[in-house]
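As a plain string of letters, each chain reads:
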Amino acid sequence: MARRLRIAVLASGRGSNLLALIDARSRGELPVDVVGVFSDRPGCLALSVASEAGIPGFAQRPSGFASRAEFDEAMFNRIEAVQPDLIVCAGYMRLISDAAVSRSRGKLINIHPSLLPKYPGLRTHARALAAGDREHGASVHCVIAKLDAGAVIAQARIPVLEGDRPESLANRLLEREHQLLVQTVKAIADGDLDISGNQPRWHGLPIHTPLSSGPNGHLEEHR
Ligand code: GRF
């Protein structure tokens, strides 16, 4: 049997995307092992999610380090120690330094709650509403040292409804984010999606338009 993909997760908050990965794995739908959860916020809910699932967790506070580079060097030393094939930022609220991005090249992805390149950064739901967007969504993208700016791999889309508030939009999107992340990780684990090079590839071909989170549990080419 092929070796299961080893995943490290970086998280700062409630950990619902982490839980989606763990649950999909438990249901037998995701051939991966989550081998460590890493955080910049000791005591965050994501670490409790990890501990309840029996996954080793590690946290270090940014205030204990002189610079972002030093923080990241220590953090990524710990991450590399668990020998991940894939590093998933799931609600990790820190920009990652150049050096750490370089040493993780080809295996670092992030999930972001907007249809990138729209709305990198924070308050994405409020910004989509303020702009009068009819459609909102989430993106999984490769991580580069610039905020939310790496190649977009796949997206999930939802309509903006009459009367939507940032909270309602965020809540409706979250469920789709979970599916999108699980589908993307599964595609990598199955070998359909390759993020190891400069440009992500789908069945061997460069992805020019982000893939779509499909209704049947799989990523699809955007139609
Ligand atoms: C998600 O909306 C994710 O897209 C964003 O931060 C949120 C994290 O949620 N980057 P959770 O911690 O996974 O519940």
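Numbering of residues starts from 1 in every chain and runs along the sequence as written. Only residues with pLDDT of at least 70 are given local features in this predicted model, and only at 80 or more are side-chain atom pairs given and counted; all residues enter the totals for whole chains, interfaces and linings. The basis for every side-chain value is the complete set of non-hydrogen atoms in the structure, without hydrogens or water.

Undergrad: Can you lay out the overall build of the protein for me, pointing to particular residues and giving the numbers?
TA: Numbered from the N terminus, helices here are DSSP runs of H or I no shorter than four residues, and strands are runs of E no shorter than two. Across its full length, the protein holds six helices and 12 strands. The size measure is the radius of gyration over C-alpha atoms, and the globule rule it meets is 2.2 Å times the number of residues to the 0.38 power. At 17 Å, the protein has a C-alpha radius of gyration in line with the 17 Å of a compact globule built from 223 residues. With the principal axes as the frame, the protein shows a C-alpha extent of 45 × 45 × 35 Å. A simple rule labels every residue: compare its accessible area, found with a 1.4 Å probe on the protein chains alone, to the largest value its type can have, and call it buried under 20%, exposed over 50%, or partly exposed in between. In the protein, buried positions account for 48% of the 223 residues. Only heavy atoms enter the contact rule, under which two residues are in contact if any of them lie within 4.5 Å. Intrachain contacts of the protein at a sequence separation of at least 6 include 61% that bridge at least 24 residues. The protein chains shown are the only cover counted for residues, whose accessible areas, like all others here, come from Shrake-Rupley with a 1.4 Å probe. For the protein, the exposed surface amounts to about 11,100 Å²; the carbon and sulfur share of it is 50%. Counted as positive: Lys and Arg. Counted as negative: Asp and Glu, with His and the chain ends omitted from the count. Where a charge lies is defined by one atom per residue type: Lys uses NZ, Arg uses CZ, Asp uses CG and Glu uses CD. Where the 26 positive side-chain charges of the protein centre and where its 24 negative ones centre are 2 Å apart.

Undergrad: Describe the pairing of strand 7 (residues 152-159), listing the residues and the values that go with them.
TA: Among the eight residues in strand 7, six count as buried, and that is most of the element. DSSP-based pairing: two strands are paired if at least 2 bridges between them are found. Pairing analysis gives seven bridges linking strand 6 (residues 135-142) to strand 7, with the strands arranged antiparallel. Considered in strand 7, the bridge of histidine 141 is made with valine 152. Across two bridges, the pairing between strand 7 and strand 11 (residues 211-213) is parallel.

Undergrad: Lay out the site of the ligand with the relevant residues and their values.
TA: A cutoff of 4 Å decides nearness: a residue is near a molecule or strand if any of its heavy atoms lies inside that distance of it. If you check the shell around the ligand, you find Arg14, Gly15, Ser16, Asn17, Gly91, Ile111, His112, Pro113 and Glu177 and nothing else. What qualifies as a polar contact is a pair of N or O atoms within 3.5 Å, subject to a donor-acceptor requirement within protein and to the restriction that residues adjacent in sequence count only when both atoms come from side chains. Here arginine 14 contributes a side-chain N or O atom positioned 2.6 Å from an oxygen atom of the ligand. Between the ligand and the protein, one listed contact pairs a nitrogen atom with a backbone N or O atom of isoleucine 111 at 3.1 Å. Every element with two or more residues in the shell around the ligand is listed here: helix 1 (16-26) and strand 5 (108-112). Under the convention adopted here, Pro, Cys and the residues Ala, Val, Leu, Ile, Met, Phe, Trp and Tyr are nonpolar, Asp, Glu, Lys and Arg are charged, and Gly plus all remaining residues are polar. Its residues assigned to classes, the shell around the ligand comprises two nonpolar, five polar and two charged.

Undergrad: Could you give me a rundown of the packing of aromatic side chains, with the residues and numbers involved?
TA: Here the aromatic set is Phe, Tyr and Trp, taking the six-membered ring for Trp, and pairing holds for ring centres within 6.5 Å; pairs whose planes are under 30 degrees apart are stacked, those over 60 apart are edge-to-face, and all others are tilted. Counted according to the given criterion, the structure contains two aromatic pairs. Relative to phenylalanine 71, the ring of phenylalanine 65 lies with its centre 5.4 Å away and its plane at 85 degrees, an arrangement referred to as edge-to-face. With a relative accessible area of 27%, phenylalanine 65 lands in the partly exposed category. Throughout this description, the term charge over a ring refers to an Arg CZ or Lys NZ atom that lies within 6 Å of the ring centre and within 35 degrees of the ring normal. Over the aromatic face of phenylalanine 71 sits the side chain of arginine 94, whose NZ or CZ is 4.2 Å from the ring centroid.

Undergrad: Go over the environment of asparagine 216, please, and point to the residues and values.
TA: Within the secondary structure, asparagine 216 sits in the loop between strand 11 and strand 12 (219-220). Judged by relative accessible area, asparagine 216 falls into the exposed class, the value being 59%. Each C-alpha atom of the pair asparagine 216 and glutamine 183 lies 9.7 Å from the other, and the pair is 33 residues apart in sequence.

Undergrad: Lay out the pairing of strand 1 (residues 5-10) with the relevant residues and their values.
TA: Of all six residues making up strand 1, five are buried, and the element is well covered by its neighbours. In the sheet, strand 1 pairs with strand 2 (residues 32-39) via six bridges, with the strands oriented parallel. Bridge pairing links leucine 10 to phenylalanine 38 in strand 2. What joins strand 1 to strand 2 is helix 1, and the crossover it makes is right-handed. Handedness of a crossover: with both strands directed away from the viewer, a clockwise path from the first strand across the helix to the second marks it as right-handed.

Undergrad: How would you sum up the nonpolar core? Please name residues and give values.
TA: Throughout this description, the term nonpolar core refers to a set of buried Ala, Val, Leu, Ile, Met, Phe, Trp, Tyr and Cys residues connected via side-chain atoms within 4.5 Å. Residues Val9, Leu86, Val88, Ile109, Ile153, Val185 and Leu193 are the most contacted members of the largest nonpolar core, which totals 46 residues. The element contributing the most residues to this core is helix 6 (residues 166-190), with eight residues.

Undergrad: Lay out the packing of helix 1 against helix 6 in plain terms, naming residues and giving numbers.
TA: Axis lines are fitted through C-alpha atoms, for helices just across the contact stretch, and the angle between N-to-C directions can take any value from 0 to 180 degrees. Packing of helix 1 against helix 6 leaves a shortest axis separation of 9 Å and a crossing angle of 50 degrees. The orientation of helix 1 with respect to helix 6, classified from their angle, is oblique. Handedness of the crossing formed by helix 1 with helix 6: right-handed. On helix 6, the residues touching Ser16, Asn17, Ala20, Leu21 and Ala24 of helix 1 are Leu174, Glu177, His178, Leu181, Val182 and Val185. Its residues assigned to classes, the contact of helix 1 with helix 6 shows seven nonpolar, three polar and one charged. For classification, angles of less than 35 degrees are called roughly parallel, those exceeding 145 degrees roughly antiparallel, those between 65 and 115 degrees roughly perpendicular, and all remaining angles oblique. The sense of a crossing depends on the near helix, which, turned anticlockwise from the far helix by less than a right angle, makes the crossing left-handed and, turned clockwise, makes it right-handed.

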